[in-house]
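# Observations on the model geometry
If you want the building blocks of each chain, they are given just below.
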Amino acid sequence: MAFWTYNGLKFGIKSVKFPKENDFYDGFISSVKINGQKCLSQDKTAGSPEKSSEFQCRKCELACPTKAINLKNLAGGENGKGAPALKPLDANRCIFCGLCIDACSNIAGAISYSKDFDFGIASQPYADKRKAFKKSLFVKHIDTGSCGACEAEINALNNPYYNMHRLGIFITPSPRFADVLLVTGTFTKKMSDIFFNVLDNIPKPRYVVLTGSCPLTGGVFENGFKDGGGNKGLLFNNESEIKKLFEEDNVIALPHCPPNPFEILNVLLLIKNGDFK
Amino acid sequence: MQKKFLGDYEFIWGPVRKGVNESILYEFLSSGEELHNLDITFGYKKRDVRNVLAEKGNLYEQVLVVERISGLHAFSASLSYCLSVENFFGLADKIHKNLQILRMFFAEAERIRNHIENLSEIAESTYIQVPSAMYAYYAEMLKQLFVKFLNSRYLMGINMIGGVRKNLSLNDMEFIFNSVKSIVNSVQEIIKKNMETKSHIDRLKTTGKIDMKTAKRFCAKGVVAKSAGINPDLRIKRPYLLYGDTKLNSIIFNDGDAFSRYMVRIGEITQSLSILDYCLEMLKKNRFNNTSDYFVNMKEIDERTKKHGFGYAESSEGPIFCYAADFDGSVFKKINIKYPFGNNYKLFACGVKNTMMMDFNINETSYNFSVAAADK
Ligand code: SF4
Ligand code: SF4
């Protein structure tokens with residue numbers, strides 16, 4: 001195989017410098033942002049925005065297929081003063097379809113794609129910042145009803161461009177060696193027991209990363225099955241086992257449909273470096 | 001399960017397998033080296049797409065769901081759905097030629113990406129990591145190109161009823177074509193070198209062999225059928241969009257083994273690039289300016305026309321058929337989408353009998369299944 005070794009060397013290093021530098025590729029997007037200054041949804045002439053109940057424009061809210069936008073939160077959101085405010089755009093629901101951007105483009109141009117990472121974190125037990133994993137991070141993946149694109153994005157982390165091995169992150173075949181469980185898919189009924197079985201085999205400390213809109217809210221498949229079950233995802237699931245999971249485990253929400261490899265890598269690095277509280 | 005003989009043993013693999021894979025259960029009967037039987041169980045990822053679709057609020061929301069039945073075939077599936085809806089509304093002839101060309105362009109771009117990704121997986125399954133990494137790198141470059149112009153790495157959100165949603169100019173299209181061309185040229189260089197790697201080619205040859213008779217019995221689709229001497233390619237047999245003008249040759253191999261499937265993919269990458277070239281030439285000839293110039297006036301919709309709509313598109317793995325009926329004023333309550341994987345899985349389970357356990361991975365990879373599409 002000397003031939004391929006030579007060709008491999010000739011091919012050169014193609015990896016990005018991330019996380020040392022944010023050298024994202026041209027056109028990289030990782031969140032959708034609403035600019036409250038430009039948005040015409042609130043009657044700014046009627047005193048303070050908090051008091052106003054007049055919504056002049058709700059085009060984006062109506063266009064969003066996953067109900068991710070709630071313009072009422074704009075007042076206390078990015079531009080308001082209210083304490084930890086709900087965001088006008090719930091990243092956990094957003095599937096990146098861009099319909100809101102299209103809807104607003106001819107009106108105020110207030111919504112745009114952005115390069116900023118944007119994800120909610122729901123992790124409790126480790127209140128103090130601590131580094132749980134010393135050198136490398138082993139990741140186990142489980143598919144609970146995905147479309148295959150999320151898997152492709154996780155697999156992409158192995159390609160020379162992202163090359164997660166250089167950062168000490170590896171996919172492991174066995175849950176017993178894993179530190180992180182990456183969950184993709186809508187959490188179908190049939191996969192639920194299997195998921196908990198896999199989780200039980202992962203030693204603590206461990207993290208569960210809900211990867212993509214599917215395991216968060218069901219994504220575009222939300223509210224499927226008419227009789228029982230349903231594609232609800234995990235975030236708003238009231239089943240006792242799932243509530244317990246959120247109470248006892250470090251669960252991290254990684255939204256978008258599919259989340260791109262940089263976002264996945266970023267979360268894994270934050271876990272590895274102990275930067276999640 | 002098939003009858004067990006002395007020394008035979010059963011073992012299961014799945015639904016959670018090693019690496020990053022979709023959930024499916026394989027039950028093997030083997031005597032060590034040789035595989036005697038394979039039972040495949042689906043249903044772990046059933047999202048009940050049919051009901052999900054019926055509950056949606058408008059046609060575009062249905063497009064978004066159809067794209068996500070199998071994310072790797074998002075464009076072909078949404079194309080198939082859009083064609084069936086346009087067929088229902090009598091819009092088929094009203095779609096401007098340039099939009100049809102754009103749709104062909106992206107369908108072929110998706111095919112190229114899927115085939116390159118499969119070449120990467122095949123190289124990995126034969127344990128030659130360097131070319132596998134190189135292919136994966138070029139597939140990544142394609143995805144980055146898509147996101148730059150279309151805001152989606154998987155060509156989601158492009159098709160819509162009546163045309164193409166993204167605003168693109170002729171310059172954009174020219175840039176995309178030139179970039180794809182240079183990526184494909186690099187990939188072809190790797191393919192050429194790979195052909196000389198004996199350990200790679202030898203492991204593909206005669207692996208997972210199926211004959212034409214068996215392929216016909218199971219109604220094999222796409223690449224699998226083409227590798228066994230059958231050509232069911234809808235772009236040639238029943239041309240849609242403007243495929244009729246492209247004068248495509250059938251890419252057919254007769255051995256029915258993993259190597260033939262590999263060769264079909266390689267042939268299709270070259271063929272798809274020539275279709276992209278044709279599309280760009282046609283856009284120039286038709287003085288294409290900007291996508292937004294060609295949107296269909298939805299007021300022209302003829303609601304009286306039909307009871308149902310039918311559409312199809314040839315994806316990288318075979319035809320995707322879509323049947324839409326029961327339009328209630330905003331959405332279709334009944335949508336049937338058929339992917340090629342159901343038939344190919346049955347053929348695979350049959351063809352895998354009496355093959356070597358060691359070759360299982362190569363054989364499976366050469367089919368390039370999407371569990372999500374088979375298990376919708
Ligand atoms: S990009 Fe799509 S899903 Fe996300 S907020 Fe906008 S409309 Fe909603
Ligand atoms: S989140 Fe989106 S991309 Fe990921 S599996 Fe679900 S539908 Fe597919």
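Along each chain, the written sequence defines residue order, and numbers are assigned to residues from 1. Note on labels: chains are lettered from A, ligands numbered from 1, in written order. Residues qualify for local features only when their pLDDT is at least 70, as the model is predicted, and side-chain atom pairs are given and counted only at 80 or more; totals for whole chains, interfaces and linings, by contrast, use all residues. Think of the side-chain values as coming from all heavy atoms in the structure, minus any hydrogens and water.

### What to know about the site of ligand 2
Formally: Any residue with a non-hydrogen atom lying within 4 Å of a molecule or strand is treated as near it. Under the scheme used here, helices are H or I runs from DSSP no shorter than 4 residues and strands are E runs no shorter than 2 residues, and both carry numbers assigned from the N terminus. Throughout this entry, Asp, Glu, Lys and Arg are counted as charged residues, while Ala, Val, Leu, Ile, Met, Phe, Trp, Tyr, Cys and Pro are counted as nonpolar. The remaining residues, Gly among them, count as polar.
Taken together, Ser146(A), Cys147(A), Ala149(A), Cys150(A), Gly212(A), Ser213(A), Cys214(A), Cys257(A), Pro258(A) and Arg68(B) are the residues near ligand 2. Nearby residues around ligand 2 are contributed by chains A and B. Within the residue set of the shell around ligand 2, elements represented by two or more residues are helix H4 (149-156) and helix H6 (213-217) of chain A. Looking at the shell around ligand 2, its residues break down into 6 nonpolar, 3 polar and 1 charged.

### Describing the pattern of salt bridges
Which entries qualify depends on this criterion: Salt bridges are identified by distance alone: a Lys or Arg side-chain nitrogen within 4 Å of an Asp or Glu carboxyl oxygen. Only protein chains enter the accessibility calculation, which uses a 1.4 Å probe; a residue whose area is less than 20% of its type maximum is buried, one above 50% is exposed, and one in between is partly exposed.
Per the stated rule, a full pass over the model turns up 26 salt bridges over all chains. Two residues, Asp249(A) and Arg206(A), come together in a salt bridge whose shortest N-O distance is 2.8 Å. Taken as a pair, Asp249(A) in the loop between helix H7 (240-248) and strand E8 (250-254) and Arg206(A) in the loop between helix H5 (189-200) and strand E7 (207-211) lie far apart in primary sequence, 43 residues in all. Using a relative accessible area of 9% as the deciding quantity, one classes Arg206(A) as buried. For Asp233(B), the salt bridge is made with Lys226(B), and the minimal N-O distance between the two is 3.1 Å. In this pair, the class of Asp233(B) matches that of Lys226(B), namely buried. What emerges from the salt-bridge pattern is a single network uniting Glu108(B), Arg111(B), Lys226(B), Asp233(B), Arg235(B) and Glu268(B).

### Topic: the side chain of Arg265(B)
All names here are of chain B. To keep things clear, this is the line we draw: Within 3.5 Å is the distance limit for a polar contact, defined as a pair of N or O atoms, with the added protein rule that one can donate a hydrogen and the other accept it, and that residues adjacent in sequence qualify only through two side-chain atoms.
Inspection of the secondary structure assignment puts Arg265 in helix H11 (residues 258-285). A relative accessible area of 0% places Arg265 in the buried class. Reaching out from Arg265, the side chain makes a polar contact with the backbone oxygen of Ser366 at a distance of 2.8 Å.

### Topic: the sheet that holds strand E1 (residues 9-13) of chain B
Residue and element names in this part refer to chain B. Which entries qualify depends on this criterion: DSSP calls a pair of strands paired once it identifies at least 2 bridges connecting them. Axis angles are defined between N-to-C directions and span 0 to 180 degrees, where every axis is a line fitted to C-alpha atoms and, for a helix, only to the segment in contact. We call two residues in contact when some of their heavy atoms are within 4.5 Å.
The antiparallel open sheet is built from 3 strands, whose spatial order is E1-E2-E3. One side of each edge strand has no neighbouring strand; the edge strands of this open sheet are E1 and strand E3 (35-41). With direction set aside, neighbouring strand axes in the sheet form an average angle of 20 degrees. Of the pairings in the sheet, the one linking strand E2 (residues 25-30) to E3 comprises 6 bridges and is antiparallel in character. Considered in E3, the bridge of Tyr26 is made with Ile40. Most of the contacts of helix H13 (residues 360-367) go to E2, to which it runs at about 140 degrees, and overall it touches E1, E2 and E3.

### Focus on the interface of chain A and chain B
The criterion, for reference: Accessible area, probed at 1.4 Å, shrinks when two parts are joined; the buried area is that loss added up over both.
Taken together, the contact pairs 56 residues of chain A with 55 residues of chain B. Across the chain A/chain B interface, buried area totals approximately 4600 Å², and carbon plus sulfur atoms make up 63% of it. Linking chain A to chain B there are 4 salt bridges. Linking Asp102(A) and Arg165(B) is a salt bridge whose minimum nitrogen-to-oxygen distance equals 3.0 Å. The interface formed by chain A and chain B includes 19 residue pairs in polar contact (both at pLDDT 80 or more). Listing elements by their share of the side of chain A that touches chain B, those giving two or more residues are helix H1 (2-11), helix H3 (99-105), strand E4 (137-143), H4 and H5 of chain A. Looking at the side of chain A that touches chain B, its residues break down into 31 nonpolar, 16 polar and 9 charged.

### Considerations on the pairing of E7(A)
Residues and elements named next belong to chain A. Most of E7 is tucked away: 5 of the 5 residues are buried. By the alternation rule, side chains of E7 split into Tyr207, Val209 and Thr211 and Val208 and Leu210, which are all buried. Note that strand E6 (residues 180-184) and E7 share 4 bridges and pair parallel. Residue Leu182 lies in a different strand from E7, and its bridge partner there is Val209.

### Remarks on unusual backbone geometry
The amide bond that connects Phe18(A) to the next residue, Pro19(A), takes the cis arrangement and shows omega of 10 degrees. Here Pro19(A) lies in the loop between H1 and strand E1 (31-34). Here Phe96(A), not a glycine, exhibits a phi torsion of approximately 70 degrees, which is positive. Residue placement: Phe96(A) occurs in the loop between helix H2 (59-63) and H3. Within the chain, Thr206(B) stands out as a residue other than glycine whose phi angle is a positive 65 degrees. Structurally, Thr206(B) can be placed in the loop between helix H7 (198-204) and helix H8 (212-217). For Thr206(B), a relative accessible area of 59% corresponds to the exposed category.

### Focus: the site of ligand 1
Surveying the vicinity of ligand 1 reveals 13 residues, the closest of which are Cys64(A), Cys94(A), Cys97(A), Gly98(A) and Cys100(A). In the shell around ligand 1, the residues fall into 11 nonpolar, 2 polar and no charged.

### Quick word on H1(A)
Residue and element names in this part refer to chain A. Our working definition: Taken from the helix axis, the directions to the C-beta atoms give the arc we talk about.
Of all the residues in H1, the buried ones are Trp4, Asn7 and Phe11. One side of H1 carries all its buried residues, which in axial view fall inside an arc of 60 degrees. Turned more than 90 degrees away from the buried face of H1 sit Ala2, Tyr6, Leu9 and Lys10, all of them exposed. A positive backbone phi angle near 80 degrees is found at Gly12, which sits one or two residues after H1.

Keep in mind these numbers describe shape, not what the thing actually does.
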